[in-house]
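# Architecture at a glance
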Amino acid sequence: EYAERVRAMVPAALSKRFIFTGPGQGRDVLLGRSIVVIPSDFEALNLTAYEAQAVGSVLVLNGKCPAFAAGSPFRDGQNAHLFDGTIDGLAAVLE
């Protein structure tokens, strides 16, 4: 099964950091208490960001990505934390 193959990719030493869940209310509750980081350089439309925002997740998004840039519904400091697309920028936002 696909889910088992994905679980097998997680190193044993890190397995306690991962929670695998399917769709449904439990997933929404978990997402609502999570930080969702989407570091993509390019997305035309990222449904994960909208779903995570809808359930109250803290969003950390690449501000250089067209899907999260000016003109998108994601506003730095209001409903998301945008970073400049660099590793250092991401680290600064996560601090």
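Note that this is a predicted model, so its numbers are computed, not measured.

## Concerning the overall build of the protein chain
- Within the protein chain, the regular secondary structure consists of 4 helices and 3 strands.
- The order of α-helices and β-strands along the protein chain, N terminus first, is α-α-β-α-β-β-α.
- Expressed as lengths along the three principal axes of its C-alpha atoms, the size of the protein chain is roughly 40 × 30 × 25 Å.
- Relative to its full complement of 95 residues, the protein chain shows a buried share of 21%.
- Long-range pairs, those at least 24 residues apart, make up 27% of the contacts in the protein chain with a sequence separation of at least 6.
- Just so you have it, the protein chain exposes about 6,700 Å², and 56% of that area is on carbon and sulfur atoms.
- Charged side chains of the protein chain number 8 positive and 10 negative; the gap between the two group centres comes to 7 Å.

## Digging into the side chain of Ser-72
- Positionally, Ser-72 belongs in the loop between β2 (58-62) and β3 (81-83).
- Of the polar contacts made by the side chain of Ser-72, one reaches the backbone oxygen of Ala-69; its length is 2.9 Å.

## Here we look at the pairing of strand β1 (residues 35-38)
- Burial along β1 is one-sided: the face carrying Val-36 and Ile-38 is buried and the face carrying Ile-35 and Val-37 is not.
- As paired strands, β1 and β2 are joined by 4 bridges and run parallel to one another. Paired with Ile-35 across the bridge in β2 is Val-58.
- At this point the chain moves from β1, through helix α3 (residues 47-54), to the parallel β2, and the crossover so formed is right-handed.

## Some points on the pattern of salt bridges
- Using the criterion set out here, one finds 1 salt bridge in the structure.
- Where Arg-7 meets Glu-4, a salt bridge forms, and the shortest distance between an N and an O atom there is 3.1 Å. With Arg-7 and Glu-4 both in helix α1 (residues 2-8) and 3 residues apart, the pair spans about one turn of that helix.
- Take Arg-7: its relative accessible area is 32%, and that puts it in the partly exposed class.
- The partly exposed category is assigned to Glu-4, whose relative accessible area is 45%.

## Here's the deal with α3
- You can read the cap of α3 off the contacts: a side-chain oxygen lies 3.1 Å from the backbone nitrogen of Thr-48, and it is on Asn-46.
- A positive backbone phi angle near 95° is found at Gly-56, which sits one or two residues after α3.

## Here we look at a nonpolar patch on the surface
- On the surface, Ile-35, Val-37, Val-58 and Leu-94 cluster together into a nonpolar patch covering about 320 Å² of accessible area.
- Structurally, Leu-94 is set in helix α4 (residues 87-94).

The rules behind each value
Residues numbered from 1 in each chain as written. Predicted model: local features only at pLDDT ≥ 70, side-chain atom pairs only at ≥ 80, totals over all residues. Heavy atoms only, no water. Helix = DSSP H or I, 4+ residues; strand = E, 2+ residues; numbered from the N terminus. Buried < 20%, exposed > 50% of the residue type's maximum accessible area, 1.4 Å probe, protein only. Contact = heavy atoms within 4.5 Å. Areas by Shrake-Rupley, 256 points an atom, 1.4 Å probe, with all protein chains shown as cover. Lys, Arg positive; Asp, Glu negative; His and termini not counted. Charge placed at Lys NZ, Arg CZ, Asp CG, Glu CD. Polar contact = N/O pair within 3.5 Å; in protein donor to acceptor, adjacent residues only side chain to side chain. Pairing = 2+ DSSP bridges. Right-handed = clockwise from strand over helix to strand, strands pointing away. Salt bridge = Lys/Arg side-chain N within 4 Å of Asp/Glu carboxyl O. Patch = residues over 30% accessible without salt bridge, like charges linked within 9 Å, V, L, I, M, F, W, Y side chains within 5 Å.

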